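Spelled out, the chains give:
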Amino acid sequence: MQLTTSLRSALVAGAAATALFTGAAGAVAAPVAPSAAVGAPATVHSPYGQLRPLAALSAERLATGDLVAAAKWGTGGPVDDPAREREVLRAVADQARELGADPAVTVRIFRDQIEASKVVQRGLHRAWEADPGRAPTERPDLGEVRKEINRINGELVRAIAGSPYARSAPYCAPLLTAAAVQVRHERQLDGLHTGALARSLRSVCGGG
């Protein structure tokens, strides 16, 4: 259900995502380590190996935003769901405590995850309104979709808990950018989902 986009648009979106990940200062703060090169192998113990799952799982979570958008399409219901958002944030905070991770940091990262999903949902709804022929013809079961989101959420919490040093390191931003660019390439993300991926990772670096 991804929006089609030209190669030029995708490259522009990728450049914009890089700027969002690193910022003007972050882009020159530290060189990307050799292990962060696109396509390079990474061990789970390396900083890149700890950050890459965050990018990959964020992209996987964003893909569920397509299904949520389809489930809500034509219902007249809003994209925002404060009750569901509070439920998610409480659950991930509890999971973080159980793992010995910082619940405040985890919640901050998940706020971005939620906002990024809404970016996808709103973008798809605008596209379907503009071209009804591209709108979904079947409505997924939102309850089943949320089960999958909860599964991904649990994996994300574990990835956050397992990467405190990589996320607080001065080289986090360029390594995370490299990971996100690789994930974007592997999943062939369009401009909408590339921008949403950048939004989802905004608070990953700098936290304990």
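Residues numbered from 1 in each chain as written. Predicted model: local features only at pLDDT ≥ 70, side-chain atom pairs only at ≥ 80, totals over all residues. Heavy atoms only, no water.

A. Examining helix α3 (residues 82-98) more closely. The end-to-end C-alpha distance of α3 is 24 Å, a good match for the 24 Å that 17 residues give at a rise of 1.5 Å each. If you check which residues of α3 are buried, you get R84, E85, V88, L89, V92, A93 and A96. Seen from one end, α3 has its buried residues packed into an arc of 165°, which puts them on one side. In this structure, α3 carries R90, R97 and E98 as exposed residues pointing more than 90 degrees from its buried face. Its buried side turned inward, α3 meets α2 (47-72), α4 (103-130) and α5 (142-161). Two residues or fewer after α3 comes G100, characterised by a positive phi angle close to 80°. (Helix = DSSP H or I, 4+ residues; strand = E, 2+ residues; numbered from the N terminus. Expected span 1.5 Å × (residues − 1). Buried < 20%, exposed > 50% of the residue type's maximum accessible area, 1.4 Å probe, protein only. Arc of directions from axis to C-beta. Contact = heavy atoms within 4.5 Å.)

B. Structural detail: the nonpolar core. One finds L51, L54, F110, L197, L201 and V204 to be the most contacted residues of the largest nonpolar core, which totals 44 residues. Where this core is concerned, the elements lending two or more residues are α2, α3, α4, α5, α7 (172-187) and α8 (191-200). Excluding anything up to four places from it in sequence, L51 contacts A166, R167, C172, L175, L176 and V204. (Core = buried A, V, L, I, M, F, W, Y, C linked by side-chain atoms within 4.5 Å.)

C. Local environment of the environment of S163. Relative to the assigned elements, S163 resides in the loop between α5 and α6 (164-168). For S163, a relative accessible area of 0% puts it in the buried group. Sequence separation of S163 and P53 is 110 residues, and the distance between their C-alpha atoms is 9.7 Å. Leave out the neighbours within four places in its chain, and S163 touches Q50 and L54. In terms of polar contacts, S163 uses its side chain to reach the side chain of R167, at 3.0 Å. (Polar contact = N/O pair within 3.5 Å; in protein donor to acceptor, adjacent residues only side chain to side chain.)

D. Region of the structure containing the state of the cysteines. In total, this model carries 1 disulfide according to the counting rule given. Each sulfur in the disulfide pair C172 and C205 lies 2.0 Å from the other. Measuring handedness by torsion sign, the sulfur bridge of C172 and C205 sits at about -80° and is left-handed. A residue pair is termed long-range when its members are at least 10 positions apart, and C172 in helix α7 and C205 in the segment after α8 qualify at 33 residues. The buried category is assigned to C172, whose relative accessible area is 0%. A relative accessible area of 24% means that C205 is categorised as partly exposed. (Disulfide = S-S within 2.5 Å.)

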